Amino acid sequence: MITLHYLQCSRSFRILWALEELGMDYQVEYYQRTSSYAAPENLKNIHPLGKAPILVDNEEVIVESAVILDYLQQQYDGQQKFKPEQAKDQRQYSYWMHYAEGSLMPLLVMTLVMNSVSKHVPWVIRPIAQKITDGVKSGFVRPRVKEHILYLEQYLGEHDYFAGAFSFADIQMAFPLIAIQNRLHGKYPNIQAFVQRVQQRSAFQRAEQKSLNSQCA
Ligand SMILES: N[C@@H](CCC(=O)N[C@@H](CS)C(=O)NCC(=O)O)C(=O)O
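Cut-offs used in this document
Residues numbered from 1 in each chain as written. Predicted model: local features only at pLDDT ≥ 70, side-chain atom pairs only at ≥ 80, totals over all residues. Heavy atoms only, no water. Domains from an automatic or database assignment. Contact = heavy atoms within 4.5 Å. Buried area = accessible area lost by both parts, 1.4 Å probe. Salt bridge = Lys/Arg side-chain N within 4 Å of Asp/Glu carboxyl O. Near = heavy atom within 4 Å. Polar contact = N/O pair within 3.5 Å; in protein donor to acceptor, adjacent residues only side chain to side chain. Areas by Shrake-Rupley, 256 points an atom, 1.4 Å probe, with all protein chains shown as cover. Phe/Tyr/Trp six-rings, centres within 6.5 Å; stacked < 30°, edge-to-face > 60°. Buried < 20%, exposed > 50% of the residue type's maximum accessible area, 1.4 Å probe, protein only. Helix = DSSP H or I, 4+ residues; strand = E, 2+ residues; numbered from the N terminus. Lys NZ or Arg CZ within 6 Å of the ring centre and 35° of its normal.

1. Describing the domain arrangement of the protein
Point 1. Domain annotation for the protein reports domain 1 (1-80 + 204-208) and domain 2 (85-199).
Point 2. When each unit is reduced to the centre of its C-alpha atoms, the spacing between domain 1 and domain 2 is 21 Å.
Point 3. Counting residues at the interface gives 16 residues for domain 1, matched by 19 residues for domain 2.
Point 4. Both sides together, the interface formed by domain 1 and domain 2 hides about 1,500 Å², and carbon and sulfur atoms give 65% of it.
Point 5. Taken together, the links from domain 1 to domain 2 amount to two salt bridges.

Listed below in C-alpha coordinates is the structure:
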(Lines give C-alpha, C1' and ligand atoms only; values in the text may rest on other atoms or scores of the structure.)
Protein backbone atom coordinates (compact mmCIF):
# COMPACT_ATOMS: atom_id res chain seq x y z
CA MET A 1 0.00 0.00 0.00
CA ILE A 2 1.21 3.50 -0.86
CA THR A 3 1.38 5.97 2.02
CA LEU A 4 1.46 9.71 1.50
CA HIS A 5 2.85 11.70 4.44
CA TYR A 6 0.83 14.87 4.12
CA LEU A 7 1.70 18.15 5.83
CA GLN A 8 -1.18 20.61 6.14
CA CYS A 9 -1.05 23.61 3.74
CA SER A 10 1.89 22.35 1.75
CA ARG A 11 3.18 20.98 -1.51
CA SER A 12 1.80 17.62 -0.32
CA PHE A 13 -1.40 18.61 -2.10
CA ARG A 14 0.30 17.96 -5.45
CA ILE A 15 0.71 14.30 -4.61
CA LEU A 16 -2.79 13.84 -3.24
CA TRP A 17 -4.10 15.30 -6.50
CA ALA A 18 -1.85 13.06 -8.64
CA LEU A 19 -2.97 9.96 -6.73
CA GLU A 20 -6.57 10.96 -7.38
CA GLU A 21 -5.86 11.53 -11.10
CA LEU A 22 -4.41 8.01 -11.24
CA GLY A 23 -7.39 6.58 -9.32
CA MET A 24 -5.08 4.74 -6.95
CA ASP A 25 -5.58 3.09 -3.59
CA TYR A 26 -3.48 4.83 -0.99
CA GLN A 27 -3.46 5.94 2.60
CA VAL A 28 -2.66 9.35 4.02
CA GLU A 29 -0.83 10.18 7.25
CA TYR A 30 -1.69 13.76 8.16
CA TYR A 31 0.68 16.14 9.98
CA GLN A 32 -0.24 19.54 11.43
CA ARG A 33 2.19 22.43 11.22
CA THR A 34 3.70 23.72 14.48
CA SER A 35 2.92 27.18 15.88
CA SER A 36 5.97 28.50 13.96
CA TYR A 37 4.54 27.01 10.73
CA ALA A 38 7.26 24.32 10.57
CA ALA A 39 6.75 20.63 9.96
CA PRO A 40 6.49 18.59 13.20
CA GLU A 41 9.61 16.74 14.33
CA ASN A 42 8.05 13.30 13.83
CA LEU A 43 8.14 13.77 10.04
CA LYS A 44 11.90 13.22 10.46
CA ASN A 45 11.12 9.65 11.47
CA ILE A 46 10.14 9.06 7.84
CA HIS A 47 12.93 11.07 6.14
CA PRO A 48 15.86 12.83 7.86
CA LEU A 49 14.96 16.27 6.44
CA GLY A 50 11.34 16.03 7.59
CA LYS A 51 9.95 17.99 4.62
CA ALA A 52 6.67 17.22 2.90
CA PRO A 53 5.57 15.60 0.71
CA ILE A 54 6.96 12.13 1.40
CA LEU A 55 5.67 9.05 -0.39
CA VAL A 56 6.37 5.53 0.81
CA ASP A 57 5.80 2.69 -1.63
CA ASN A 58 6.97 -0.86 -0.93
CA GLU A 59 9.12 0.53 1.91
CA GLU A 60 10.90 2.87 -0.50
CA VAL A 61 10.89 6.46 0.78
CA ILE A 62 10.57 9.02 -2.02
CA VAL A 63 10.88 12.79 -1.56
CA GLU A 64 10.80 15.95 -3.71
CA SER A 65 7.46 16.65 -5.39
CA ALA A 66 8.86 16.40 -8.93
CA VAL A 67 10.54 13.06 -8.20
CA ILE A 68 7.37 11.69 -6.60
CA LEU A 69 5.23 12.85 -9.54
CA ASP A 70 7.68 11.28 -12.02
CA TYR A 71 7.76 8.09 -9.97
CA LEU A 72 3.96 7.80 -9.88
CA GLN A 73 3.71 8.56 -13.60
CA GLN A 74 6.34 6.00 -14.59
CA GLN A 75 5.11 3.32 -12.21
CA TYR A 76 1.33 3.68 -12.36
CA ASP A 77 0.31 5.69 -15.44
CA GLY A 78 0.11 2.64 -17.70
CA GLN A 79 -1.74 4.52 -20.42
CA GLN A 80 0.69 7.48 -20.40
CA LYS A 81 -2.19 9.87 -19.70
CA PHE A 82 -0.19 12.28 -17.58
CA LYS A 83 3.08 12.74 -19.49
CA PRO A 84 3.27 13.84 -23.13
CA GLU A 85 4.49 11.42 -25.76
CA GLN A 86 6.09 13.89 -28.18
CA ALA A 87 9.78 14.59 -27.47
CA LYS A 88 9.30 18.36 -27.68
CA ASP A 89 6.43 18.31 -25.16
CA GLN A 90 8.46 15.99 -22.93
CA ARG A 91 11.22 18.59 -22.79
CA GLN A 92 8.61 21.19 -21.76
CA TYR A 93 7.33 18.72 -19.16
CA SER A 94 10.84 18.34 -17.65
CA TYR A 95 11.47 22.05 -17.88
CA TRP A 96 8.35 23.02 -15.91
CA MET A 97 8.88 20.20 -13.39
CA HIS A 98 12.32 21.68 -12.58
CA TYR A 99 11.39 25.34 -13.04
CA ALA A 100 8.63 25.19 -10.39
CA GLU A 101 10.95 24.20 -7.54
CA GLY A 102 14.31 25.39 -8.94
CA SER A 103 13.39 28.92 -10.08
CA LEU A 104 9.92 30.02 -8.99
CA MET A 105 9.37 28.57 -5.50
CA PRO A 106 12.65 29.96 -4.04
CA LEU A 107 11.47 33.49 -4.89
CA LEU A 108 8.03 32.89 -3.35
CA VAL A 109 9.57 31.37 -0.22
CA MET A 110 11.98 34.33 -0.02
CA THR A 111 8.96 36.67 -0.06
CA LEU A 112 7.35 34.73 2.80
CA VAL A 113 10.57 34.80 4.82
CA MET A 114 11.08 38.55 4.23
CA ASN A 115 7.49 39.21 5.30
CA SER A 116 8.02 37.37 8.56
CA VAL A 117 11.46 38.71 9.56
CA SER A 118 10.20 41.62 11.64
CA LYS A 119 7.96 39.26 13.67
CA HIS A 120 11.02 37.26 14.69
CA VAL A 121 13.30 40.01 15.99
CA PRO A 122 13.19 41.92 19.31
CA TRP A 123 10.85 44.92 19.09
CA VAL A 124 13.68 47.44 19.63
CA ILE A 125 15.30 46.59 16.31
CA ARG A 126 12.02 45.90 14.49
CA PRO A 127 11.98 49.25 12.60
CA ILE A 128 15.55 48.61 11.37
CA ALA A 129 14.76 45.02 10.41
CA GLN A 130 11.69 46.29 8.56
CA LYS A 131 13.78 48.81 6.61
CA ILE A 132 16.28 46.12 5.60
CA THR A 133 13.63 43.64 4.47
CA ASP A 134 11.71 46.38 2.63
CA GLY A 135 14.94 47.20 0.78
CA VAL A 136 15.61 43.57 -0.13
CA LYS A 137 11.99 43.10 -1.19
CA SER A 138 11.77 46.18 -3.40
CA GLY A 139 15.33 45.96 -4.76
CA PHE A 140 15.65 42.23 -5.27
CA VAL A 141 12.69 39.95 -4.63
CA ARG A 142 9.70 41.88 -6.02
CA PRO A 143 11.16 42.75 -9.44
CA ARG A 144 12.17 39.11 -9.94
CA VAL A 145 8.81 37.74 -8.85
CA LYS A 146 7.13 40.19 -11.24
CA GLU A 147 9.38 39.08 -14.13
CA HIS A 148 8.40 35.45 -13.51
CA ILE A 149 4.70 36.26 -13.21
CA LEU A 150 4.74 38.18 -16.51
CA TYR A 151 6.60 35.30 -18.15
CA LEU A 152 4.00 32.80 -16.91
CA GLU A 153 1.10 35.07 -17.82
CA GLN A 154 2.40 35.29 -21.37
CA TYR A 155 3.05 31.54 -21.62
CA LEU A 156 -0.45 30.74 -20.40
CA GLY A 157 -1.89 33.22 -22.90
CA GLU A 158 -0.49 30.94 -25.62
CA HIS A 159 -0.96 27.53 -23.98
CA ASP A 160 -3.83 25.98 -22.00
CA TYR A 161 -1.42 23.59 -20.25
CA PHE A 162 2.31 23.59 -19.64
CA ALA A 163 3.35 20.65 -21.82
CA GLY A 164 0.75 19.99 -24.50
CA ALA A 165 -2.36 18.41 -22.95
CA PHE A 166 -2.92 18.25 -19.16
CA SER A 167 -0.01 16.45 -17.47
CA PHE A 168 1.71 16.14 -14.10
CA ALA A 169 3.74 19.24 -15.06
CA ASP A 170 0.48 21.15 -14.52
CA ILE A 171 0.14 19.67 -11.04
CA GLN A 172 3.70 20.75 -10.28
CA MET A 173 3.11 24.29 -11.59
CA ALA A 174 -0.39 24.73 -10.15
CA PHE A 175 0.91 24.87 -6.57
CA PRO A 176 2.86 28.17 -6.93
CA LEU A 177 0.27 29.55 -9.37
CA ILE A 178 -2.59 28.99 -6.92
CA ALA A 179 -0.53 30.79 -4.26
CA ILE A 180 0.06 33.70 -6.67
CA GLN A 181 -3.60 33.75 -7.70
CA ASN A 182 -4.74 33.79 -4.04
CA ARG A 183 -2.68 36.92 -3.45
CA LEU A 184 -3.30 38.76 -6.72
CA HIS A 185 -6.94 37.83 -7.49
CA GLY A 186 -7.70 38.36 -11.15
CA LYS A 187 -4.75 40.66 -11.85
CA TYR A 188 -3.34 38.16 -14.32
CA PRO A 189 -6.24 36.73 -16.36
CA ASN A 190 -4.29 33.90 -18.04
CA ILE A 191 -2.95 32.64 -14.71
CA GLN A 192 -6.44 32.92 -13.27
CA ALA A 193 -7.92 30.97 -16.21
CA PHE A 194 -5.30 28.21 -15.80
CA VAL A 195 -6.03 27.93 -12.07
CA GLN A 196 -9.77 27.75 -12.73
CA ARG A 197 -9.22 25.16 -15.48
CA VAL A 198 -7.31 22.79 -13.22
CA GLN A 199 -9.55 23.40 -10.21
CA GLN A 200 -12.49 22.15 -12.28
CA ARG A 201 -10.93 18.70 -12.59
CA SER A 202 -12.81 16.15 -10.52
CA ALA A 203 -9.53 14.69 -9.22
CA PHE A 204 -8.53 18.14 -7.95
CA GLN A 205 -11.86 18.48 -6.15
CA ARG A 206 -11.61 15.01 -4.60
CA ALA A 207 -8.08 15.87 -3.42
CA GLU A 208 -9.36 19.14 -1.92
CA GLN A 209 -11.86 17.17 0.15
CA LYS A 210 -9.11 14.91 1.47
CA SER A 211 -6.69 17.79 2.11
CA LEU A 212 -6.39 20.04 5.12
CA ASN A 213 -6.53 23.06 2.81
CA SER A 214 -9.56 24.61 4.45
CA GLN A 215 -7.26 25.32 7.40
CA CYS A 216 -4.71 27.24 5.29
CA ALA A 217 -4.25 30.97 5.81
N1 LIG B 1 11.45 21.01 -3.10
C2 LIG B 1 10.71 20.24 -2.10
C3 LIG B 1 10.31 21.18 -0.99
C4 LIG B 1 9.83 20.47 0.26
C5 LIG B 1 9.42 21.49 1.32
O6 LIG B 1 10.17 22.42 1.66
N7 LIG B 1 8.22 21.28 1.88
C8 LIG B 1 7.69 22.21 2.85
C9 LIG B 1 6.17 22.23 2.75
S10 LIG B 1 5.54 23.01 1.36
C11 LIG B 1 7.99 21.76 4.27
O12 LIG B 1 8.01 20.58 4.55
N13 LIG B 1 8.15 22.74 5.18
C14 LIG B 1 8.21 22.50 6.58
C15 LIG B 1 9.48 22.96 7.21
O16 LIG B 1 10.38 23.44 6.52
O17 LIG B 1 9.55 22.85 8.45
C18 LIG B 1 9.52 19.56 -2.79
O19 LIG B 1 9.08 20.02 -3.84
O20 LIG B 1 9.05 18.54 -2.28
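2. Observations concerning the site of the ligand
Point 1. Lining the immediate environment of the ligand, one finds 13 residues, of which Ala39, Lys51, Ala52, Glu64 and Ser65 sit closest.
Point 2. Between the ligand and Ala39, the relevant distance is 2.9 Å, taken from an oxygen atom to a main-chain nitrogen or oxygen of the residue.
Point 3. Between an oxygen atom of the ligand and a side-chain N or O atom of Ser65, the distance comes to 2.7 Å.
Point 4. Notes on the ligand: free accessible area 520 Å², of which the protein chains cover 81%.

3. Observations concerning the packing of aromatic side chains
Point 1. Inspection of every chain in the model, using the stated rule, returns 18 aromatic pairs.
Point 2. Plain terms: the ring middles of Tyr95 and Trp96 are 4.7 Å apart, the flat faces sit at 70 degrees to each other, and that makes the pair edge-to-face.
Point 3. Given the relative accessible area of 34%, Tyr95 is considered partly exposed.
Point 4. Ring geometry for Tyr99 and Tyr151: centres 6.0 Å apart, planes at 65 degrees, overall edge-to-face. Residue Tyr99 is located in helix H3 (residues 87-117), and its partner Tyr151 is located in helix H4 (residues 126-158); the two are separated by 52 residues in the primary sequence.
Point 5. According to the relative accessible area criterion, Tyr151 is partly exposed, its value standing at 36%.
Point 6. These aromatic residues form a ring-pair network of at least three members: Phe13, Trp17, Phe82, Tyr161, Phe166, Phe168 and Phe204.
Point 7. Above the ring of Tyr161, the side-chain terminus of Arg197 is found at 5.9 Å from the ring centroid.
Point 8. Here the basic side chain of Arg201 rests over the ring of Phe166, its NZ or CZ set 3.6 Å away from the ring centre.

4. Some thoughts on unusual backbone geometry
Point 1. Geometrically, the link from Ala52 to Pro53 is a cis peptide bond, its omega value of 5 degrees lying close to zero.
Point 2. Take Pro53: it is sitting in the loop between strand S2 (26-31) and strand S3 (54-57).
Point 3. Here Tyr37, not a glycine, exhibits a phi torsion of approximately 70 degrees, which is positive.
Point 4. In this structure, Tyr37 sits in the loop between S2 and S3.

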